[in-house]
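# Examination of the molecular architecture
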Amino acid sequence: MFEGLLDSSINVFATTASNATTSSYACYYDPERKTFLGDVYSIKWLEDSDAENIEKETLEQQYLRVKKETNTSTVCQFGDMSISKMMVGSFQGEKEDVDSRPPPIPPQWLSCGTTAVPGPQVPLAIQER
């Protein structure tokens with residue numbers, strides 16, 4: 001998506017769910033809404049943001065964790081890599097200290113990667129359900 005487009009001098013850092021030749025994978029089908037609620041990469045990113053201390057985790061650390069957890073597509077990063085040394089919380093804001101318990105994260109056997117559908121196949125998968 002950004003390959004060859006984001007020069008490192010323009011002060012932009014981006015991560016993507018897949019490279020230019022592969023698609024991302026949809027997951028968590030909702031029968032009531034008749035659609036998928038996310039993709040594997042986005043879900044892994046949200047789970048990481050919930051589980052980690054985003055005021056101490058860098059964008060690079062988050063990228064590496066999410067890339068490792070995303071087993072359905074080739075996660076990529078582009079642009080000014082010096083930005084990746086900044087804290088996630090600088091972009092997502094501080095976590096509210098409402099509850100000391102970590103948020104629920106689905107067990108590994110319920111991982112969105114186990115039922116994921118390639119992006120181009122989503123319309124057919126929805127019709128089949």
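Residues numbered from 1 in each chain as written. Predicted model: local features only at pLDDT ≥ 70, side-chain atom pairs only at ≥ 80, totals over all residues. Heavy atoms only, no water.

The subject of this paragraph is the overall build of the protein. Along its length, the protein carries four helices and five strands. A burial count over the protein gives 36% of its 129 residues as buried. Contacts spanning at least 24 positions in sequence make up 72% of the contacts within the protein whose residues lie at least 6 apart. Here the protein has roughly 8,500 Å² of accessible surface; of this, 53% comes from carbon and sulfur atoms. (Helix = DSSP H or I, 4+ residues; strand = E, 2+ residues; numbered from the N terminus. Buried < 20%, exposed > 50% of the residue type's maximum accessible area, 1.4 Å probe, protein only. Contact = heavy atoms within 4.5 Å. Areas by Shrake-Rupley, 256 points an atom, 1.4 Å probe, with all protein chains shown as cover.)

It is worth spelling out the nonpolar core at this point. Ranked by size, the top nonpolar core spans six residues in total: Ala26, Tyr29, Phe36, Val117, Val122 and Ala125. Of all the secondary-structure elements, those providing two or more residues to this core are strand S2 (25-30) and helix H4 (122-128). Once residues lying within four places of it in the same chain are set aside, the contact partners of alanine 26 are Phe36, Gly38, Asp39, Thr115, Ala116, Val117 and Val122. (Core = buried A, V, L, I, M, F, W, Y, C linked by side-chain atoms within 4.5 Å.)

Positive phi outside glycine occurs at tyrosine 28, with the angle close to 55 degrees. Note on placement: tyrosine 28 falls in strand S2. On the accessibility criterion, tyrosine 28 (24% relative accessible area) is partly exposed. Here the phi dihedral of lysine 34 falls at roughly 55 degrees; this positive angle occurs in a residue that is not glycine. Here lysine 34 lies in the loop between S2 and strand S3 (35-39). Judged by its relative accessible area of 57%, lysine 34 is exposed.

Bringing the pattern of salt bridges into the picture now. Counted by the stated rule, this structure contains five salt bridges. Of the charged contacts in the structure, one is a salt bridge between aspartate 30 and arginine 33, with a shortest N-O distance of 2.3 Å. Taking the relative accessible area as the measure of exposure, aspartate 30 reaches 10% and is therefore buried. Exposure remark for arginine 33: the relative accessible area of 56% places this residue in the exposed category. Linking glutamate 47 and lysine 44 is a salt bridge whose minimum nitrogen-to-oxygen distance equals 3.8 Å. Here glutamate 47 pairs with lysine 44, and both are found in helix H1 (residues 40-51), just three residues apart, close to one helical turn. Overall, glutamate 47 belongs to the buried group, its relative accessible area being 16%. (Salt bridge = Lys/Arg side-chain N within 4 Å of Asp/Glu carboxyl O.)

So, about helix H2 (residues 59-69). For an α-helix, the turn length of 3.6 residues means that residues three or four places apart are oriented alike. For H2, the set of buried residues is Leu59, Glu60, Gln62, Tyr63 and Val66. Mapping the buried residues of H2 onto a view down its axis gives an arc of 160 degrees, with all of them on the same face. (Arc of directions from axis to C-beta.)

With 12 residues, H1 extends 16 Å between its outermost C-alpha atoms, agreeing within 8% with the 16 Å of an ideal straight helix rising 1.5 Å per residue. Every buried residue of H1 is accounted for by Val40, Tyr41, Ile43, Lys44, Glu47, Asp48 and Ser49. Residues of H1 that are buried sit in contact with strand S1 (13-16), S2, S3, H2 and helix H3 (89-92). (Expected span 1.5 Å × (residues − 1).)

Right, let's get into the side chain of serine 84. Secondary-structure assignment places serine 84 in the loop between strand S4 (76-79) and H3. Here the side chain of serine 84 touches methionine 81 through a polar contact of 2.5 Å, landing on its backbone oxygen. In contact with serine 84, not counting residues within four places along its chain, are Phe13, Thr58, Leu59 and Glu60. (Polar contact = N/O pair within 3.5 Å; in protein donor to acceptor, adjacent residues only side chain to side chain.)

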